[in-house]
Amino acid sequence: MKALRFGRHAAIAVIAAGALALSACGSDNATGTAPAGSQSAGGTKVTGTLTGIGSSAQGAAMDAWKTNFASANSGASVQYSPDGSGAGRKAILDGSAQFAGSDAYLKDDEYASSKSVCGPDGAINVPVYISPIAVAFNVPGVTDLKLDAATVAKIFRGQIAKWNDPAIAALNAGVSLPDLKVTPVNRSDDSGTTQNFTDYLSAAAPDVWTDKAAGVWPASLQGENAKGTSGVVKTVTDTPGAVTYADDSAVSGKLGVAQIKVGDSFTKISAEAAAKAVDAGKPVEGRAANDLSIKLDRKTTIAGAYPIVLVSFHVLCTTYDKQETVDLVKAFEHYVVSEEGQKAAAESAKSAPLSSDLAAKAGKAIDSIKVKS
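Residues numbered from 1 in each chain as written. Predicted model: local features only at pLDDT ≥ 70, side-chain atom pairs only at ≥ 80, totals over all residues. Heavy atoms only, no water.

## Quick notes on unusual backbone geometry
You will see that Lys350, though not glycine, has its phi angle at about 60°, which is positive. Tracing the chain through its elements places Lys350 in the loop between helix 10 (339–349) and helix 11 (356–367). (Helix = DSSP H or I, 4+ residues; strand = E, 2+ residues; numbered from the N terminus.)

See the structure below:
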């Protein structure tokens with residue numbers, strides 16, 4: 001995979017004109033109609049309403065994508081509920097949404113289940129959004145800390161009780177650390193951000209993080225919790241001594257963000273550092289021909305790579321019941337992975353654009369979607 005950067009050209013799909021009655025991917029239940037629209041970037045009219053549910057980490061990017069797509073196509077709109085990645089995957093698997101936003105690709109059992117709704121090839125995971133996950137903290141007087149995987153794991157397991165703990169102090173010589181209680185804050189919902197964060201901890205600090213990677217936070221661990229990205233960020237902002245994990249685009253104000261040890265050095269969070277980590281990933285085997293699930297190397301030692309990264313996907317059916325649905329899904333998704341769509345996401349959400357190679361593969365995957373035979 002090439003380095004992630006701007007510079008790809010992905011055209012918005014050409015689709016038919018007219019008012020379209022759209023169905024969810026597994027049924028003929030209408031999700032809305034709209035009058036004839038304006039010319040799309042592809043040169044033809046795009047109309048109708050597309051419904052998605054899922055990742056709250058994609059929230060800022062989705063707002064930009066929805067607005068820009070609707071502006072180019074006045075008869076078309078996208079409805080998206082940021083209810084969490086787990087809710088999104090459930091919605092596409094039960095046919096109540098036409099696409100899901102998910103910060104984790106479908107599990108093997110979810111992929112198998114998708115065949116009953118999406119056809120014999122099931123659903124495909126198309127990467128649309130790449131972003132680092134920040135370890136964000138509210139420690140008065142401290143805005144920058146250096147942490148390694150084991151120390152992060154101990155913090156979130158409740159094994160480090162105070163911010164001036166020797167384990168933190170040893171990594172931060174010269175920093176005045178307060179005698180302040182550490183309050184870990186985790187997501188209460190089934191979250192792809194949690195899936196990615198715990199995947200990092202279980203891979204990079206297995207002696208400390210003994211739980212398996214999962215979208216649901218381990219019930220045995222103590223701490224505060226809140227729903228969604230905005231929920232955990234607000235809780236930490238309001239709580240001196242609190243710490244959480246959240247999409248970097250949502251972290252601002254008085255919160256500090258940790259540098260993470262990679263190899264023998266520490267890496268600051270950035271879109272470019274996230275891109276380097278994704279470059280080290282490998283395709284997931286045993287999926288549909290055009291599935292683009294990526295297995296990340298959480299233990300990378302590549303200088304400048306930031307390993308606590310999420311690759312957020314749009315989970316799409318390989319087949320839908322109606323041509324109108326296929327056309328609108330293709331039009332929107334081609335915009336999302338286009339240079340324009342990725343630039344809009346980067347400007348609004350600090351994400352890393354897809355590489356030209358990955359964008360081309362995404363376009364091919366989107367083109368493969370068809371009507372059920």
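## Focus on the state of the cysteines
What the rule picks out here adds up to one disulfide. Linked covalently through their sulfurs, Cys118 and Cys317 form a disulfide whose S-S length is 2.0 Å. An S-S torsion of about -45° defines the bridge between Cys118 and Cys317 as left-handed. Remark: Cys317 occurs in strand 13 (residues 309–317) and Cys118 occurs in helix 3 (residues 108–118); sequence separation between them is 199 residues. Considered together, Cys118 and Cys317 belong to a single accessibility category, that of buried residues. (Disulfide = S-S within 2.5 Å. Buried < 20%, exposed > 50% of the residue type's maximum accessible area, 1.4 Å probe, protein only.)

## Examining the pattern of salt bridges
The full count for this structure, using the stated rule, is 14 salt bridges. Between Asp179 and Lys162 there is a salt bridge, and its shortest N-O distance comes to 3.0 Å. Placement of Asp179 in the loop between helix 5 (166–171) and strand 6 (183–187) and of Lys162 in the loop between helix 4 (149–157) and helix 5 is noted, with a sequence separation of 17 residues between them. Looking at Asp179, the relative accessible area reads 56%, which means it is exposed. The class for Lys162 is partly exposed, based on a relative accessible area of 33%. Asp321 is the salt-bridge partner of Lys372, the closest N and O atoms lying 3.2 Å from each other. Taken together, the residues span a long stretch of sequence, with Lys372 in the segment after strand 15 (370–371) and Asp321 in the loop between strand 14 (319–320) and helix 9 (323–337) at a distance of 51 residues. A relative accessible area of 28% means that Lys372 is categorised as partly exposed. One connected set of salt bridges, linked through shared partners, spans Arg89, Glu110 and Asp190. (Salt bridge = Lys/Arg side-chain N within 4 Å of Asp/Glu carboxyl O.)

## Things to note about the packing of aromatic side chains
The final tally for this structure, using the stated rule, is 13 aromatic pairs. Look at Phe156 and Phe197: their rings are 5.0 Å apart centre to centre, the planes differ by 75°, and that puts the pair in the edge-to-face class. Here the residue Phe156 occupies a position in helix 4, and Phe197 occupies one in helix 6 (residues 192–204), the gap between them amounting to 41 residues. Assigned by exposure class, Phe156 and Phe197 land together as buried. When the centroid spacing of 5.4 Å and the interplanar angle of 15° are considered together, the rings of Trp217 and Tyr245 count as stacked. Taken together, the positions of Trp217 in the loop between helix 6 and strand 7 (224–226) and Tyr245 in strand 8 (residues 242–247) put the pair 28 residues apart, joining distant regions of the chain. Of the residues examined, Tyr245 reaches a relative accessible area of 1% and is grouped as buried. Among the aromatic residues, those joined into a ring-pair cluster are Phe69, Tyr80, Phe99, Phe332 and Tyr335. Looking at Arg157, its charged tip hangs above the ring of Trp209, at a distance of 4.9 Å from the centre. (Phe/Tyr/Trp six-rings, centres within 6.5 Å; stacked < 30°, edge-to-face > 60°. Lys NZ or Arg CZ within 6 Å of the ring centre and 35° of its normal.)

## Here we look at helix 3
Among the residues of helix 3, those classed as buried are Glu110, Tyr111, Ser114, Val117 and Cys118. Within helix 3, the buried residues cover an arc of 105° as seen down the axis, which keeps them to one side. Among the exposed residues of helix 3, those pointing more than 90 degrees away from its buried face are Asp108, Asp109 and Ser116. If you follow the buried residues of helix 3, they end up packed against helix 2 (85–93), strand 4 (123–137), strand 13 and strand 14. One or two steps after helix 3, the chain reaches Gly119, where phi turns positive at roughly 100°. (Arc of directions from axis to C-beta. Contact = heavy atoms within 4.5 Å.)

## Here we look at the nonpolar core
Grouped together as the largest cluster of nonpolar side chains are 106 residues, with contacts concentrated most on Trp65, Val135 and Phe156. Sort the elements by how many residues they give to this core and strand 4 lands first, with 11 residues. Apart from residues lying up to four places away in sequence, Phe156 is in contact with Val135, Pro184, Val185, Phe197, Trp209, Trp217, Leu221, Val243, Thr244 and Tyr245. (Core = buried A, V, L, I, M, F, W, Y, C linked by side-chain atoms within 4.5 Å.)

## Points about the packing of helix 2 against helix 3
Axis separation between helix 2 and helix 3 bottoms out at 9 Å; the angle between their running directions is 35°. Contact residues: helix 2 offers Arg89, Ile92 and Leu93, while helix 3 offers Glu110, Ser113, Ser114 and Val117. Across the contact of helix 2 with helix 3, the residue classes tally to three nonpolar, two polar and two charged. (Axes fitted to C-alpha atoms, helices over the stretch in contact; angles between N-to-C directions. Nonpolar A, V, L, I, M, F, W, Y, C, P; charged D, E, K, R; others polar.)

## Quick look at the packing of helix 9 against helix 10
Orientation of helix 9 relative to helix 10, taken along the N-to-C sense of each, is 60°, at an axis distance of 4 Å. By the criterion of interaxial angle, the relationship of helix 9 to helix 10 is oblique. Across the interface between the two elements, Tyr335, Val336 and Val337 from helix 9 touch Glu339, Glu340, Gly341, Gln342 and Ala344 from helix 10. (Parallel < 35°, antiparallel > 145°, perpendicular 65-115°, else oblique.)

## Looking at the side chain of Arg287
Its location among the elements puts Arg287 in the loop between strand 11 (282–283) and strand 12 (294–295). Arg287 gets classed as buried once you look at its relative accessible area, which sits at 12%. For Arg287, the side chain forms a polar contact with the main-chain oxygen of Leu106, separated by 2.7 Å. When neighbours within four sequence positions are excluded, Arg287 is seen to be in contact with Tyr105, Leu106, Lys107, Asp108, Tyr111, Asn125 and Ser293. (Polar contact = N/O pair within 3.5 Å; in protein donor to acceptor, adjacent residues only side chain to side chain.)

## Points about the pairing of strand 6
Both faces of the sheet carry side chains from a regular strand, because those side chains alternate between them. Taking burial as the measure, the five residues of strand 6 include five buried ones, the bulk of the element. By the bridge criterion, three bridges tie strand 6 to strand 8 in an arrangement that is parallel. Looking at strand 8, one finds that Thr183 is bridged to Ala242. Pairing geometry for strand 6 and strand 7, over three bridges, is parallel. Looking at the pairing, Asn186 lines up with Asn225 of strand 7. (Pairing = 2+ DSSP bridges.)

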